[in-house]
Amino acid sequence: MSEEKYVPKTKLAEWFDSRLPLLSLSHHLKSYPTPKNLNYWWTFGGILTFCLITQIVTGIILAMHYVAHTEHAFASIEHIMRDVNYGWLMRYVHSNGASMFFLAVYIHIFRGLYFGSYKAPREMIWIIGLAIYLLMMATAFMGYVLPWGQMSFWGATVITNLFSAIPLIGESVTNWLWGGFSVDNPTLNRFYSLHYLLPFLIFGLVILHIWSLHIPGNNNPVGIDVKKGSNETMPFHPYMVMKDLLALLAFLLLFFAFVFFMPDFLGHPDNYIPADPLITPAHIVPEWYLLPFYAILRAIPSKLGGVIFMFASIFVLVGLPWLDSSKVRSATFRPIYRKFFWVLVVTVILLGYLGAKPPEGIYLILARIGTAYYFIHFLILLPLLGRYEKTEPLPLSISDPVLDKPGAMDKLKEMAGKYEGENVATFK
Amino acid sequence: MTNKVEPKRRNFLFTATYTIGAVGLGAAVWPLVDQMNPDASVKALSTTEVDVSSIEPGKEITVLWRGKPIFIKRRTEKEISEAAKVNLKDLKDPEKDSDRAKNPEWLVMIGVCTHLGCVPLKNKGEYKGWFCPCHGSHYDTSGRIRKGPAPTNLEIPKYEFVDMNTIKIG
């Protein structure tokens, strides 16, 4: 189904839309053509939008009760948990919401990696997505500092000290970030300010992300271009909206299983100890969603080197649309890439596990192997595969993989017959 | 002829305008950036005096200076001789023990690991000095980095003995 232009039905609508085309925009969002073969991996965009809005709403509420001062921050969190009406709910939704946000974004990113959604003509969607991901990490990190527990304080100390690895200006930069000579009240205040600001920048980038998506349209599991204006697409509303909502409901089951039954499972008990600048907890670990990068940081036996590799592990993804030169998007038709994709998934999960372990012995060796593989995957394997991999033949239409299965047409006709009677000769 | 002169004059005016504009913009942005630097109240807390009369040999106290822990260690003869006899070639950041402790009995250091800022634990690690639990840096009895990711020795702050029993840090 193709997208028709919006035609105002009333004089008033015409008057309004010719001055500010919001009605046209809303019509576009509803009738935006989506490939009919999108699977459930494509529902995470909607889930992520939900996560962002949940974080903003609960965050604004928490800000009404939180005090950004080293002497009051920890107590104000306990005040929220014990005294504020439904404060415990707001805080647990917000803290677990961050984890759920990252869970969804990782699935969304690996979906893109598997189905080649970053390839031409969708490079801008990918790059804006990475910018969103970077801002998410910065926002989550600063949010984790706000309760001013031991993990907050020492996490902030370790992460801000990353910048001290910069030659010559490192110390000035860290003092500038801290507003002092260590993480202290000025640091807490500015982190709070930025933690409130960044989600709105993310919101703006999400609009650009969706805008840049709506120009080429969605990729799809088969990875070939769909013919717009054919029966290969369906309007976003109600078809994709309903599918997204069903997926969102399933996602919410998991989300609120955490919120109601194990709200502290993903956090660290040390963060219920007020910050103490004289005692470092025995094991400083970041939140789970940052662990793979933490493992890379510690795998390199040099301060500056570790910091460089950690940032490089994210920035290498910006070059992905050009590093992966294969013309075939979907891994479904790339037998060798498909295997390496899963090796990468396992490697990243392994790095996450190692990031939570002390950096010694076998853990350190594995972290080094994992770090090496991560970069080899993007910088060596992908360019080589693009050149030498023998891909499987692509179907001519996104319908073919379904309809070409033996007996598929008969089965569909039978099913359609149940609803529409026996006269389904024209059915396709 | 006038056609040729005119654009040059304009180019000059444009360049001059951009330059002045950039300088003005820079001057306007600097306060926005500099406000994040340590402020006057933070800088004002720059010295601390510590009474060390009650510290026994081999013991260590930790005091807070500029939000950072300061280790004040009264070293034993054994620890001093161990620190002194280390071959400088074995060190990642070569520094003589005598340059680090003005009075060899007293070692005063900023107790912040030079890797990523954790507080090292005392009397731990392979060199019986300090050990950072975060990323595994080992320091010797002179606070020098011996093993692990930290790039430099534990920093020595500016300090002086005001009298026999009092150290002024900063």
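Note that the coordinates shown come from a computational prediction; the quantities given were computed from them, not determined experimentally.

Caption draft 1: Highlighting the overall build of chain A. Across its full length, chain A holds 17 helices and two strands. Its C-alpha atoms give chain A principal-axis dimensions of roughly 80 × 60 × 45 Å. In chain A, which comprises 428 residues, the share counted as buried stands at 50%. Within chain A, counting contacts between residues at least 6 apart in sequence, those at least 24 apart form 79% of the total. Accessible surface computed for chain A: about 21,600 Å², of which carbon and sulfur atoms make up 71%.

Caption draft 2: Representation of the overall build of chain B in the model. In terms of regular secondary structure, chain B is built from four helices and 10 strands. Along the chain direction, N to C, the helices and strands of chain B fall in the order α-α-β-β-β-α-α-β-β-β-β-β-β-β. Rg of the C-alpha trace for chain B: 26 Å, well past the compact-globule value of 15 Å for 170 residues, more than 25% over. In terms of its C-alpha atoms, chain B occupies a principal-axis envelope of roughly 90 × 35 × 25 Å. Burial analysis of chain B (170 residues in total) assigns 39% to the buried set. In chain B, 51% of the contacts between residues at least 6 apart in sequence involve partners at least 24 apart. In chain B, 26 positive and 21 negative side-chain charges are present, and the distance between their average locations comes to 8 Å.

Caption draft 3: Broad picture of the side chain of T114(B). Inspection of the secondary structure puts T114(B) in the loop between β4 (106–110) and β5 (121–122). Side-chain polar atoms of T114(B) contact the backbone oxygen of T152(B), separated by 2.6 Å. With residues up to four places along the chain from it excluded, the contact list for T114(B) reads K303(A), Y139(B), A150(B), P151(B), T152(B), N153(B) and L154(B).

Caption draft 4: Fine view of the interface of chain B and chain A. Listed as interface residues are 25 residues of chain B and, on the opposing side, 27 residues of chain A. Across the interface of chain B and chain A, roughly 2,300 Å² is buried in total on both sides, 66% from carbon and sulfur atoms. The largest contributions to the chain B side of the interface with chain A come from M36(B), L116(B) and H135(B), which together make up 28% of the buried area. Put simply, chain B and chain A have zero salt bridges between them. Our count for the chain B to chain A interface comes out at 10 residue pairs in polar contact (both at pLDDT 80 or more). When contributions to the side of chain B that touches chain A are tallied by element, the ones reaching two or more residues are α2 (40–44), β2 (60–65) and β3 (68–74) of chain B. When the residues that make up the side of chain B that touches chain A are grouped by side-chain class, the tally is 13 nonpolar, eight polar and four charged.

Caption draft 5: Expanded view of the domain arrangement of chain A. Residues and elements named next belong to chain A. Along its sequence, chain A is organised into domain 1 (32–284) and domain 2 (297–393). A separation of 23 Å is found between the C-alpha centroids of domain 1 and domain 2. The interface is formed by 29 residues belonging to domain 1 together with 30 residues belonging to domain 2. In terms of surface lost to domain 2, no three residues of domain 1 exceed Y114, K119 and L162, which account for 27% of the buried area on that side. Here domain 1 is connected to domain 2 by two salt bridges. Sorting the residues of the side of domain 1 that touches domain 2 by element identifies α5 (87–115) and α6 (123–145) as the ones contributing at least two each. Examining the composition of the side of domain 1 that touches domain 2, we find that six residues originate from one element, α6, more than from any other. Looking at the side of domain 1 that touches domain 2, its residues break down into 19 nonpolar, six polar and four charged.

Caption draft 6: Examining the sheet that holds β4(B) more closely. Residue and element names in this part refer to chain B. Here three strands make up an open sheet; going across it, the order is β2-β3-β4 and the pairing antiparallel. Where the open sheet ends on each side, the last strands, each with one partner, are β2 and β4. Shown here is a sheet whose adjacent strand axes are inclined to one another by a mean of 20°, direction ignored.

Caption draft 7: View of the packing of aromatic side chains. Residues and elements named next belong to chain A. Following the criterion strictly, the structure yields 30 aromatic pairs over all chains and no others. Both rings, one in Y114 and one in W342, keep their centres 6.3 Å apart while their planes meet at 55°; by these two values the pair is tilted. Of this pair, Y114 sits in helix α5 while W342 sits in helix α14 (residues 335–355), and the two are 228 residues apart along the sequence. A relative accessible area of 15% places Y114 in the buried class. Here the aromatic rings of F141 and F191 are separated by 5.6 Å at their centres, their planes lie at 65°, and the arrangement is edge-to-face. One end of the pair, F141, is in helix α6; the other, F191, is in helix α9 (residues 185–214), with 50 residues separating them in the sequence.

Caption draft 8: Geometry of the pattern of salt bridges. The final tally for this structure, using the stated rule, is 15 salt bridges over all chains. Here E232(A) makes a salt bridge to K227(A), at a shortest N to O gap of 3.0 Å. E95(B) is the partner of R100(B) in a salt bridge, and the nearest nitrogen-oxygen pair spans 3.0 Å. R100(B) gets classed as buried once you look at its relative accessible area, which sits at 2%.

Caption draft 9: The sheet that holds strand β7 (residues 137–139) of chain B, seen in detail. All names here are of chain B. Sheet architecture is open: four strands sit in the order β5-β6-β7-β8, paired in antiparallel fashion. In this open sheet, the two strands that pair with only one neighbour each are β5 and β8 (145–147). Alignment of β7 against β8, held across two bridges, turns out to be antiparallel. Looking at the pairing, H138 lines up with K147 of β8.

Caption draft 10: Focus on the state of the cysteines. All names here are of chain B. Across all of its chains, the model carries one disulfide over all chains by this definition. Put simply, C118 and C134 are joined by a disulfide, and their sulfur atoms are 2.1 Å apart. Across the S-S bond linking C118 and C134, the dihedral sits near -105°, which makes this disulfide left-handed. With a gap of 16 residues between them, C118 in the loop between β4 and β5 and C134 in the loop between β6 (130–132) and β7 connect regions that are remote in the sequence. Not part of a disulfide, C113 finds its nearest cysteine sulfur in C132, a span of 3.7 Å. Classification of C113 by relative accessible area gives buried; the value is 3%. The class for C132 is buried, based on a relative accessible area of 2%.

Conventions and cut-offs
- Residues numbered from 1 in each chain as written.
- Chains lettered and ligands numbered in written order.
- Predicted model: local features only at pLDDT ≥ 70, side-chain atom pairs only at ≥ 80, totals over all residues.
- Heavy atoms only, no water.
- Helix = DSSP H or I, 4+ residues; strand = E, 2+ residues; numbered from the N terminus.
- Buried < 20%, exposed > 50% of the residue type's maximum accessible area, 1.4 Å probe, protein only.
- Contact = heavy atoms within 4.5 Å.
- Areas by Shrake-Rupley, 256 points an atom, 1.4 Å probe, with all protein chains shown as cover.
- Rg over C-alpha atoms; globule rule 2.2 N^0.38 Å.
- Lys, Arg positive; Asp, Glu negative; His and termini not counted.
- Charge placed at Lys NZ, Arg CZ, Asp CG, Glu CD.
- Polar contact = N/O pair within 3.5 Å; in protein donor to acceptor, adjacent residues only side chain to side chain.
- Buried area = accessible area lost by both parts, 1.4 Å probe.
- Salt bridge = Lys/Arg side-chain N within 4 Å of Asp/Glu carboxyl O.
- Nonpolar A, V, L, I, M, F, W, Y, C, P; charged D, E, K, R; others polar.
- Domains from an automatic or database assignment.
- Pairing = 2+ DSSP bridges.
- Axes fitted to C-alpha atoms, helices over the stretch in contact; angles between N-to-C directions.
- Phe/Tyr/Trp six-rings, centres within 6.5 Å; stacked < 30°, edge-to-face > 60°.
- Disulfide = S-S within 2.5 Å.

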